[in-house]
Amino acid sequence: MVSTIDVMSLYPRDMNIYGDWGNVLVVLRRLALYGYEPVLHRYNQGDDWPDHVDLILGGGGQDNGQKLITDDLFRRADLLRGLARDGVPMLMICGLYQLFGSYFQTVDGTRLEGIGVLDVFTEGRGRRMIGNLVEHTDDFGDVIGYENHSGQTFLRGDTAPLGQVDMDGTGNNGEDHTEGARVHNVIGTYMHGSVLPKNPRLADHLIRVAAERRYGGFRPEQTSAMRAELARLDGIAAQARAVAASRPR
Ligand code: GLN
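Residues numbered from 1 in each chain as written. Predicted model: local features only at pLDDT ≥ 70, side-chain atom pairs only at ≥ 80, totals over all residues. Heavy atoms only, no water.

Notes on the site of the ligand
Around the ligand lies a shell of 17 residues, among which Asp-63, Gln-66, Cys-94, Asn-148 and Gly-151 are the nearest. Contact distances for the ligand include 2.9 Å between an oxygen atom and a backbone N or O atom of Gly-61. Between an oxygen atom of the ligand and a main-chain N or O atom of Ser-150, the distance comes to 3.0 Å. Across the complex, the protein chains shield 99% of the 290 Å² of accessible surface that the ligand would expose by itself. (Near = heavy atom within 4 Å. Polar contact = N/O pair within 3.5 Å; in protein donor to acceptor, adjacent residues only side chain to side chain. Areas by Shrake-Rupley, 256 points an atom, 1.4 Å probe, with all protein chains shown as cover.)

Next comes the structure, spelled out in C-alpha coordinates:
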(Lines give C-alpha, C1' and ligand atoms only; values in the text may rest on other atoms or scores of the structure.)
Protein backbone atom coordinates (compact mmCIF):
# COMPACT_ATOMS: atom_id res chain seq x y z
CA MET A 1 0.00 0.00 0.00
CA VAL A 2 1.29 3.46 -0.86
CA SER A 3 1.89 5.76 2.11
CA THR A 4 0.49 9.24 1.71
CA ILE A 5 2.03 12.40 3.16
CA ASP A 6 -0.22 15.45 3.50
CA VAL A 7 1.63 18.64 2.62
CA MET A 8 0.15 22.07 3.29
CA SER A 9 1.07 25.22 1.43
CA LEU A 10 0.12 28.03 3.84
CA TYR A 11 -1.39 31.14 2.21
CA PRO A 12 0.01 30.49 -1.29
CA ARG A 13 -2.13 33.31 -2.73
CA ASP A 14 -0.67 36.16 -0.67
CA MET A 15 2.53 34.73 0.81
CA ASN A 16 4.50 33.32 -2.07
CA ILE A 17 7.29 35.38 -3.65
CA TYR A 18 10.82 35.03 -5.04
CA GLY A 19 10.24 31.43 -6.03
CA ASP A 20 8.79 30.13 -2.76
CA TRP A 21 6.40 27.88 -4.69
CA GLY A 22 9.49 25.94 -5.73
CA ASN A 23 9.67 24.63 -2.16
CA VAL A 24 6.26 23.02 -2.56
CA LEU A 25 7.19 21.51 -5.93
CA VAL A 26 10.41 20.05 -4.53
CA VAL A 27 8.75 18.44 -1.53
CA LEU A 28 6.05 16.89 -3.72
CA ARG A 29 8.56 15.63 -6.28
CA ARG A 30 11.02 14.22 -3.76
CA LEU A 31 8.24 12.51 -1.78
CA ALA A 32 7.09 10.82 -4.99
CA LEU A 33 10.67 9.79 -5.83
CA TYR A 34 11.00 8.23 -2.36
CA GLY A 35 7.86 6.20 -3.05
CA TYR A 36 5.35 8.21 -1.00
CA GLU A 37 2.13 9.63 -2.32
CA PRO A 38 2.09 13.38 -1.67
CA VAL A 39 -1.25 15.12 -1.18
CA LEU A 40 -1.16 18.90 -1.49
CA HIS A 41 -3.48 21.18 0.50
CA ARG A 42 -3.43 24.84 -0.47
CA TYR A 43 -4.69 26.77 2.52
CA ASN A 44 -5.76 30.40 1.98
CA GLN A 45 -7.75 32.73 4.25
CA GLY A 46 -11.20 31.35 5.05
CA ASP A 47 -10.51 27.85 3.75
CA ASP A 48 -11.37 24.73 5.73
CA TRP A 49 -8.48 23.13 7.51
CA PRO A 50 -7.76 19.64 6.16
CA ASP A 51 -8.27 16.55 8.35
CA HIS A 52 -4.60 15.72 8.32
CA VAL A 53 -1.35 17.67 7.84
CA ASP A 54 2.15 16.17 7.97
CA LEU A 55 4.28 19.07 6.76
CA ILE A 56 3.62 22.80 6.36
CA LEU A 57 5.37 25.19 3.97
CA GLY A 58 4.90 28.95 4.15
CA GLY A 59 6.41 31.69 1.99
CA GLY A 60 7.23 35.36 2.06
CA GLY A 61 5.19 38.37 1.13
CA GLN A 62 5.07 42.11 0.79
CA ASP A 63 4.14 43.98 3.97
CA ASN A 64 0.72 44.33 2.37
CA GLY A 65 0.34 40.58 1.83
CA GLN A 66 1.27 40.05 5.47
CA LYS A 67 -1.51 42.43 6.55
CA LEU A 68 -4.01 40.48 4.43
CA ILE A 69 -3.40 37.17 6.16
CA THR A 70 -2.92 38.28 9.78
CA ASP A 71 -6.58 37.93 10.88
CA ASP A 72 -6.84 34.43 9.50
CA LEU A 73 -3.45 33.49 10.90
CA PHE A 74 -4.76 34.38 14.36
CA ARG A 75 -7.87 32.29 13.76
CA ARG A 76 -5.49 29.35 13.20
CA ALA A 77 -2.89 30.37 15.80
CA ASP A 78 -3.80 27.82 18.51
CA LEU A 79 -3.92 25.07 15.93
CA LEU A 80 -0.53 26.00 14.45
CA ARG A 81 1.07 26.39 17.89
CA GLY A 82 -0.27 22.95 18.85
CA LEU A 83 1.02 21.34 15.66
CA ALA A 84 4.41 22.98 16.21
CA ARG A 85 4.55 21.64 19.80
CA ASP A 86 3.59 18.18 18.50
CA GLY A 87 6.62 18.25 16.22
CA VAL A 88 5.03 18.79 12.81
CA PRO A 89 7.83 19.89 10.48
CA MET A 90 7.30 23.41 9.15
CA LEU A 91 9.36 25.70 6.96
CA MET A 92 8.41 29.38 7.16
CA ILE A 93 10.14 31.78 4.80
CA CYS A 94 10.64 35.51 5.39
CA GLY A 95 7.17 37.09 5.70
CA LEU A 96 5.71 34.06 7.46
CA TYR A 97 8.90 33.58 9.47
CA GLN A 98 8.32 37.11 10.79
CA LEU A 99 4.65 36.38 11.60
CA PHE A 100 5.56 33.11 13.35
CA GLY A 101 7.53 35.35 15.73
CA SER A 102 6.13 37.79 18.30
CA TYR A 103 5.56 40.78 16.04
CA PHE A 104 6.67 42.62 12.91
CA GLN A 105 6.74 46.40 13.08
CA THR A 106 6.86 47.55 9.45
CA VAL A 107 8.95 50.48 8.16
CA ASP A 108 5.81 52.65 8.11
CA GLY A 109 5.24 51.94 11.81
CA THR A 110 2.37 49.48 11.50
CA ARG A 111 2.64 46.74 14.07
CA LEU A 112 1.61 43.27 12.90
CA GLU A 113 1.28 40.80 15.76
CA GLY A 114 2.73 37.35 15.21
CA ILE A 115 1.55 34.04 16.63
CA GLY A 116 4.65 33.48 18.76
CA VAL A 117 5.69 30.01 17.62
CA LEU A 118 9.25 31.34 17.44
CA ASP A 119 10.63 33.61 20.17
CA VAL A 120 11.82 36.33 17.78
CA PHE A 121 10.68 39.85 16.92
CA THR A 122 11.12 41.92 13.77
CA GLU A 123 11.41 45.63 13.10
CA GLY A 124 11.42 47.17 9.62
CA ARG A 125 14.31 49.47 8.78
CA GLY A 126 14.97 51.78 5.83
CA ARG A 127 17.71 49.63 4.38
CA ARG A 128 16.64 46.39 2.72
CA MET A 129 18.88 43.37 2.84
CA ILE A 130 18.96 41.92 -0.67
CA GLY A 131 21.08 39.28 -2.33
CA ASN A 132 22.29 35.72 -2.50
CA LEU A 133 23.38 34.33 0.82
CA VAL A 134 25.31 31.37 2.21
CA GLU A 135 24.77 30.36 5.81
CA HIS A 136 26.56 27.67 7.78
CA THR A 137 24.34 25.24 9.66
CA ASP A 138 25.19 22.31 11.92
CA ASP A 139 22.55 19.96 10.55
CA PHE A 140 22.26 20.79 6.84
CA GLY A 141 25.72 21.97 5.84
CA ASP A 142 25.83 25.28 3.99
CA VAL A 143 22.32 26.49 3.17
CA ILE A 144 22.23 28.73 0.10
CA GLY A 145 19.41 31.09 -0.79
CA TYR A 146 18.37 34.62 -1.56
CA GLU A 147 17.17 37.22 0.93
CA ASN A 148 15.09 40.36 0.33
CA HIS A 149 13.62 41.99 3.42
CA SER A 150 13.38 45.28 5.25
CA GLY A 151 12.47 43.57 8.52
CA GLN A 152 15.32 42.92 10.90
CA THR A 153 14.74 39.95 13.16
CA PHE A 154 16.20 39.46 16.61
CA LEU A 155 16.22 36.17 18.50
CA ARG A 156 15.16 36.20 22.13
CA GLY A 157 16.08 33.97 25.06
CA ASP A 158 17.75 30.76 24.00
CA THR A 159 16.12 30.62 20.56
CA ALA A 160 18.49 28.82 18.23
CA PRO A 161 19.29 30.32 14.84
CA LEU A 162 19.18 28.13 11.74
CA GLY A 163 22.76 29.10 10.96
CA GLN A 164 25.49 31.71 10.88
CA VAL A 165 26.37 34.15 8.10
CA ASP A 166 29.85 35.55 7.48
CA MET A 167 28.99 38.97 6.11
CA ASP A 168 27.83 42.05 8.01
CA GLY A 169 24.54 43.44 6.70
CA THR A 170 23.02 40.02 5.94
CA GLY A 171 20.92 37.42 7.71
CA ASN A 172 18.40 38.03 10.48
CA ASN A 173 19.36 41.61 11.25
CA GLY A 174 22.67 42.48 9.63
CA GLU A 175 24.37 42.71 13.02
CA ASP A 176 24.73 39.48 14.95
CA HIS A 177 25.52 37.14 12.02
CA THR A 178 22.60 34.81 12.81
CA GLU A 179 20.16 33.63 10.16
CA GLY A 180 16.77 32.05 10.75
CA ALA A 181 15.42 30.40 13.87
CA ARG A 182 14.41 26.92 15.02
CA VAL A 183 12.10 25.49 17.63
CA HIS A 184 10.69 21.93 17.78
CA ASN A 185 10.67 20.98 14.08
CA VAL A 186 9.81 24.51 12.91
CA ILE A 187 12.37 26.33 10.81
CA GLY A 188 12.04 30.04 10.06
CA THR A 189 14.43 31.58 7.57
CA TYR A 190 14.92 34.53 5.24
CA MET A 191 16.09 32.19 2.48
CA HIS A 192 14.05 32.50 -0.68
CA GLY A 193 15.41 31.48 -3.90
CA SER A 194 13.79 28.94 -3.73
CA VAL A 195 15.56 27.39 -0.79
CA LEU A 196 14.55 23.73 -1.07
CA PRO A 197 15.53 23.20 -4.74
CA LYS A 198 19.00 24.48 -3.86
CA ASN A 199 19.22 22.62 -0.55
CA PRO A 200 18.04 19.02 -0.95
CA ARG A 201 19.39 18.13 2.50
CA LEU A 202 16.94 20.55 4.06
CA ALA A 203 14.09 19.19 1.92
CA ASP A 204 14.95 15.62 2.89
CA HIS A 205 15.06 16.55 6.57
CA LEU A 206 11.48 17.89 6.43
CA ILE A 207 10.34 14.80 4.50
CA ARG A 208 12.07 12.42 6.90
CA VAL A 209 10.53 14.04 9.98
CA ALA A 210 7.09 14.01 8.36
CA ALA A 211 7.39 10.30 7.48
CA GLU A 212 8.76 9.36 10.90
CA ARG A 213 5.92 11.12 12.70
CA ARG A 214 3.23 9.57 10.53
CA TYR A 215 4.59 6.08 9.87
CA GLY A 216 7.17 5.54 12.61
CA GLY A 217 10.06 5.64 10.16
CA PHE A 218 11.30 6.94 6.83
CA ARG A 219 11.26 3.95 4.48
CA PRO A 220 11.76 4.89 0.86
CA GLU A 221 10.46 2.43 -1.72
CA GLN A 222 12.31 3.27 -4.88
CA THR A 223 13.03 1.80 -8.24
CA SER A 224 16.47 2.39 -9.69
CA ALA A 225 14.89 4.92 -12.08
CA MET A 226 13.59 6.91 -9.10
CA ARG A 227 17.03 6.84 -7.46
CA ALA A 228 18.63 7.98 -10.71
CA GLU A 229 16.17 10.84 -11.04
CA LEU A 230 16.91 12.01 -7.48
CA ALA A 231 20.63 11.92 -8.25
CA ARG A 232 20.01 13.96 -11.41
CA LEU A 233 18.06 16.56 -9.43
CA ASP A 234 20.81 16.72 -6.82
CA GLY A 235 23.29 17.39 -9.63
CA ILE A 236 21.21 20.33 -10.84
CA ALA A 237 20.96 21.60 -7.26
CA ALA A 238 24.75 21.44 -6.94
CA GLN A 239 25.11 23.61 -10.06
CA ALA A 240 22.54 26.13 -8.78
CA ARG A 241 24.35 26.27 -5.42
CA ALA A 242 27.68 26.93 -7.08
CA VAL A 243 26.26 29.77 -9.19
CA ALA A 244 24.41 31.42 -6.29
CA ALA A 245 27.44 31.14 -4.01
CA SER A 246 29.65 32.75 -6.64
CA ARG A 247 27.36 35.81 -6.87
CA PRO A 248 26.99 36.85 -3.27
CA ARG A 249 25.32 40.26 -3.71
N1 GLN B 1 7.66 42.35 3.93
C2 GLN B 1 8.69 41.74 4.73
C3 GLN B 1 9.96 42.56 4.76
O4 GLN B 1 10.19 43.37 3.89
C5 GLN B 1 8.95 40.34 4.22
C6 GLN B 1 9.61 40.33 2.87
C7 GLN B 1 9.70 38.96 2.26
O8 GLN B 1 8.92 38.06 2.58
N9 GLN B 1 10.61 38.80 1.34
O10 GLN B 1 10.74 42.40 5.65
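Description of the side chain of His-192
With respect to the helices, strands and loops of the structure, His-192 is situated in the loop between β12 (186-189) and α5 (195-198). Look at His-192 and you get buried, because its relative accessible area is 0%. A polar side-chain atom of His-192 sits 3.5 Å from the main-chain carbonyl oxygen of Ile-17. Apart from residues no more than four positions distant in its own chain, His-192 is found in contact with Ile-17, Tyr-18, Asp-20, Gly-60, Ile-93, Cys-94, Gly-145, Tyr-146 and Asn-148. (Helix = DSSP H or I, 4+ residues; strand = E, 2+ residues; numbered from the N terminus. Buried < 20%, exposed > 50% of the residue type's maximum accessible area, 1.4 Å probe, protein only. Contact = heavy atoms within 4.5 Å.)

What to know about the packing of aromatic side chains
Across all of its chains, the model carries nine aromatic pairs by this definition. Note on Tyr-36 and Tyr-215: the rings are 6.4 Å apart at their centroids and 35° apart in plane angle, and the pair reads as tilted. With Tyr-36 in the loop between α1 (21-33) and β2 (37-43) and Tyr-215 in helix α6 (residues 200-215), the pair connects residues that are 179 residues apart, well separated along the chain. The exposure class of Tyr-36 is buried, given its relative accessible area of 8%. Between Phe-121 and Phe-154, the aromatic rings sit 5.5 Å apart at their centres with planes inclined by 25°, giving stacked as the arrangement. Taken together, the residues Phe-121 in strand β7 (residues 120-137) and Phe-154 in strand β8 (residues 141-155) connect sequence positions 33 residues apart. Given the relative accessible area of 17%, Phe-154 is considered buried. Taken together, the ring pairs connect Tyr-34, Tyr-36, Tyr-215 and Phe-218 into an aromatic cluster. Just above the ring of Tyr-103 sits the side chain of Arg-111; from NZ or CZ to the centre is 3.9 Å. (Phe/Tyr/Trp six-rings, centres within 6.5 Å; stacked < 30°, edge-to-face > 60°. Lys NZ or Arg CZ within 6 Å of the ring centre and 35° of its normal.)

What about the nonpolar core?
Counting 63 residues, the largest nonpolar core has Leu-10, Trp-49, Ile-56, Leu-57, Met-90, Phe-100 and Leu-196 as the members making the most contacts within it. In this view, Leu-57 contacts Val-7, Met-8, Ser-9, Leu-10, Asn-23, Val-24, Val-27, Leu-91, Met-92, Leu-196 and Leu-206; residues no more than four positions away in its chain are not counted. (Core = buried A, V, L, I, M, F, W, Y, C linked by side-chain atoms within 4.5 Å.)

Side note on the pairing of β12
Every regular strand shows the same layout, with side chains that alternate between the two sheet faces. Residues Val-186 and Gly-188 of β12 are buried on one face, and the alternating residues Ile-187 and Thr-189, pointing to the opposite face, are buried as well. Sheet analysis places strand β4 (residues 90-93) next to β12, joined by four bridges and oriented parallel. By the bridge assignment, Met-90 is partnered in β12 with Val-186. Here strand β11 (residues 181-183) runs beside β12; their pairing, made up of three bridges, is antiparallel. Within β12, the residue paired with Ala-181 across the bridge is Gly-188. Where β11 hands over to β12, the hairpin turn is made up of two residues, of which His-184 adopts a positive phi near 50°. (Pairing = 2+ DSSP bridges.)

Re the pattern of salt bridges
Tallied over the full model, the rule gives 15 salt bridges. Salt-bridge contacts for Arg-81 lead to Asp-78; the nearest nitrogen and oxygen are separated by 2.8 Å. Highlighted residues: Arg-81 and Asp-78, both in helix α3 (residues 77-85), separated by three residues, approximately one helical turn. Its relative accessible area of 27% is what places Arg-81 among the partly exposed residues. The exposure class assigned to Asp-78 is exposed, which follows from its relative accessible area of 59%. One salt bridge in this structure joins Asp-139 and Arg-182, with 2.8 Å as the shortest N-O distance. (Salt bridge = Lys/Arg side-chain N within 4 Å of Asp/Glu carboxyl O.)

Digging into α3
Along α3, the positions that sit buried rather than exposed are Ala-77, Leu-80, Gly-82, Leu-83 and Ala-84. In this fold, the buried residues of α3 make contact with β3 (55-58), α2 (63-75), β4 and β12. Once α3 ends, the next one or two residues include Gly-87, with phi positive near 95°.

Observations concerning empty space enclosed by the protein
With a probe scaled to a water molecule rolled over the atoms, the places where space remains empty come into view. Under the criterion given, the structure shown has two cavities of 30 Å³ or more. Listing elements by their share of the lining of the largest cavity, those giving two or more residues are α2, α4 (94-99) and β8. If one sorts the elements of the lining of the largest cavity by residue count, β8 sits on top with four residues. Its residues assigned to classes, the lining of the largest cavity comprises four nonpolar, nine polar and two charged. A volume near 80 Å³ is recorded for the second largest cavity. Mapped by element, the contributors of at least two residues to the lining of the second largest cavity are α1, β3 and β4. If you tally residues by element for the lining of the second largest cavity, the top one is α1, at three residues. By residue class, the composition of the lining of the second largest cavity is seven nonpolar, five polar and one charged. (1 Å grid on protein atoms, 1.4 Å probe; cavity = no way out; pocket = protein on both sides within 12 Å on 5 of 7 lines; lining within 4 Å. Points joined across faces, edges and corners; volume = space filled by probe spheres on them. Nonpolar A, V, L, I, M, F, W, Y, C, P; charged D, E, K, R; others polar.)

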